[in-house]
Amino acid sequence: MNEMTRIARTAAESFRARFTTAEFLRLVEAGAFEDWKVELVDGEIERMPPPGNEHGRRQMMIGIRLSRVMAEALLLGEVGIDLGDDTVLGCDAAVLRRPLEGIDNRMLRPDEVLLAVEIAETSRERDLGLKRMKYAAAGIAHYWGVDGERGVVHVHAEPLAGDYAEIATVRFGEPLAVPGTDATITIE
């Protein structure tokens, strides 16, 4: 019985498809995932659950508060970042290094992103693990993991060797320094 299971698993694994970023983006442009929220991680397409109400509330609040302390041309919400040959991740909010002319509908490049923000309501392990490491490896200077379960923001800076060298925790309601400015915001 174990031999049959092993054979079946091996056969199924041989039919897995791996994609490059270029192939994935062509599928997206062709409408292959029209009703899905998907990401490409190490060549594999991963389907994301739809965000809930608390996620949406926090995402909107962060966008509004950031827009009060910096130019709106530097802010994007729910945007994809092309992290290389086989990985495209979507972040909940991004602060750009500079306004982008003619960005059209393309994915951002890591060198264009000063801060990536993930709202970790139901995706805490993924956002604070896999995504943090991928953003650091791509050289994104700052990363916030907004942890609703614990009521804190995990603040990461200084990408180094696939992770962040500087890590701090800021409680909801406390001042949170906004990269690229002298301003702070609070998150609840």
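Up top is the structure.
A brief structural summary. From a predicted model like this one, the values you see are computed outputs, not experimental measurements.

How each quantity is defined
- Residues numbered from 1 in each chain as written.
- Predicted model: local features only at pLDDT ≥ 70, side-chain atom pairs only at ≥ 80, totals over all residues.
- Heavy atoms only, no water.
- Helix = DSSP H or I, 4+ residues; strand = E, 2+ residues; numbered from the N terminus.
- Buried < 20%, exposed > 50% of the residue type's maximum accessible area, 1.4 Å probe, protein only.
- Contact = heavy atoms within 4.5 Å.
- Areas by Shrake-Rupley, 256 points an atom, 1.4 Å probe, with all protein chains shown as cover.
- Lys, Arg positive; Asp, Glu negative; His and termini not counted.
- Charge placed at Lys NZ, Arg CZ, Asp CG, Glu CD.
- 1 Å grid on protein atoms, 1.4 Å probe; cavity = no way out; pocket = protein on both sides within 12 Å on 5 of 7 lines; lining within 4 Å.
- Points joined across faces, edges and corners; volume = space filled by probe spheres on them.
- Nonpolar A, V, L, I, M, F, W, Y, C, P; charged D, E, K, R; others polar.
- Salt bridge = Lys/Arg side-chain N within 4 Å of Asp/Glu carboxyl O.
- Pairing = 2+ DSSP bridges.
- Core = buried A, V, L, I, M, F, W, Y, C linked by side-chain atoms within 4.5 Å.
- Expected span 1.5 Å × (residues − 1).
- Bend = angle between axes of the 7 residues up to and from the residue.

Secondary structure summary: the chain contains four helices and 10 strands in total. From first element to last, N terminus to C terminus, the chain shows the α and β order α-α-β-β-α-β-β-β-α-β-β-β-β-β. Dimensions of the chain, computed from the C-alpha atoms along their principal axes, are close to 60 × 40 × 35 Å. For the chain, buried positions account for 38% of its 188 residues. Sequence-distant contacts, at least 24 apart, represent 52% of the contacts inside the chain between residues at least 6 apart. Summed over all atoms, the accessible surface of the chain reaches about 10600 Å², with 52% contributed by carbon and sulfur. Across the chain, the centroid of the 22 positively charged side chains sits 3 Å from that of the 33 negatively charged ones.

Quantified by volume, the largest pocket comes out at close to 540 Å³. Considering the residues around the largest pocket, the lining is formed by 21 residues, among which Val28, Glu78, Val79, Gly80 and Met107 are closest to the centre. At the level of elements, helix H2 (21–29), strand E1 (37–41), strand E3 (75–84) and strand E4 (87–96) are the ones that each hand at least two residues to the lining of the largest pocket. The element contributing the most residues to the lining of the largest pocket is E3, with five residues. Residue classes in the lining of the largest pocket are distributed as 11 nonpolar, four polar and six charged.

In this section: the pattern of salt bridges. A full pass over the atoms with the stated rule returns 17 salt bridges. A salt bridge links glutamate 78 to lysine 37, with the shortest nitrogen-to-oxygen separation between them at 3.0 Å. One end of the pair, glutamate 78, is in strand E3; the other, lysine 37, is in strand E1, and 41 residues separate them in sequence. Its salt-bridge partner being arginine 132, residue aspartate 163 comes within 2.8 Å of it at the nearest N-O pair. Pair noted here: aspartate 163 is in strand E8 (residues 163–171) and arginine 132 is in helix H4 (residues 124–137), with a separation of 31 residues, a long-range link.

Our focus in this paragraph is the pairing of E8. Both strand E7 (residues 152–160) and E8 contribute to a ladder of eight bridges, which runs antiparallel. Among the inter-strand pairings, proline 159 is bridged to a residue of E8, identified as tyrosine 164.

On to the nonpolar core, then. By size, the foremost hydrophobic cluster in this structure holds 39 residues, and its most contacted members are Leu66, Tyr135, Trp144 and Ile187. Elements that contribute at least two residues to this core include exactly helix H3 (53–69), E3, E4, strand E5 (113–119), H4, strand E6 (142–147), E7 and E8. Aside from chain neighbours lying at most four places away, what touches tyrosine 135 is Ile81, Leu83, Leu89, Gly90, Cys91, Ala116, Glu118, Ile140, Tyr143 and Tyr164. The next biggest cluster of nonpolar side chains, apart from the first, holds five residues, and it includes Phe24, Phe33, Val38 and Leu40.

A turn of α-helix holds 3.6 residues, and therefore any two residues three or four places apart point the same way. Given a rise of 1.5 Å per residue, 14 residues ought to cover 20 Å, and the 19 Å separating the end C-alpha atoms of H4 matches this to within 8%. Roughly 35° is the biggest bend found in H4, and it falls at lysine 131. Taken as a whole, H4 has its buried residues at Arg126, Asp127, Leu128, Lys131, Arg132, Tyr135 and Ala136. One or two positions beyond H4, positive phi appears at glycine 139, with a value near 90°.

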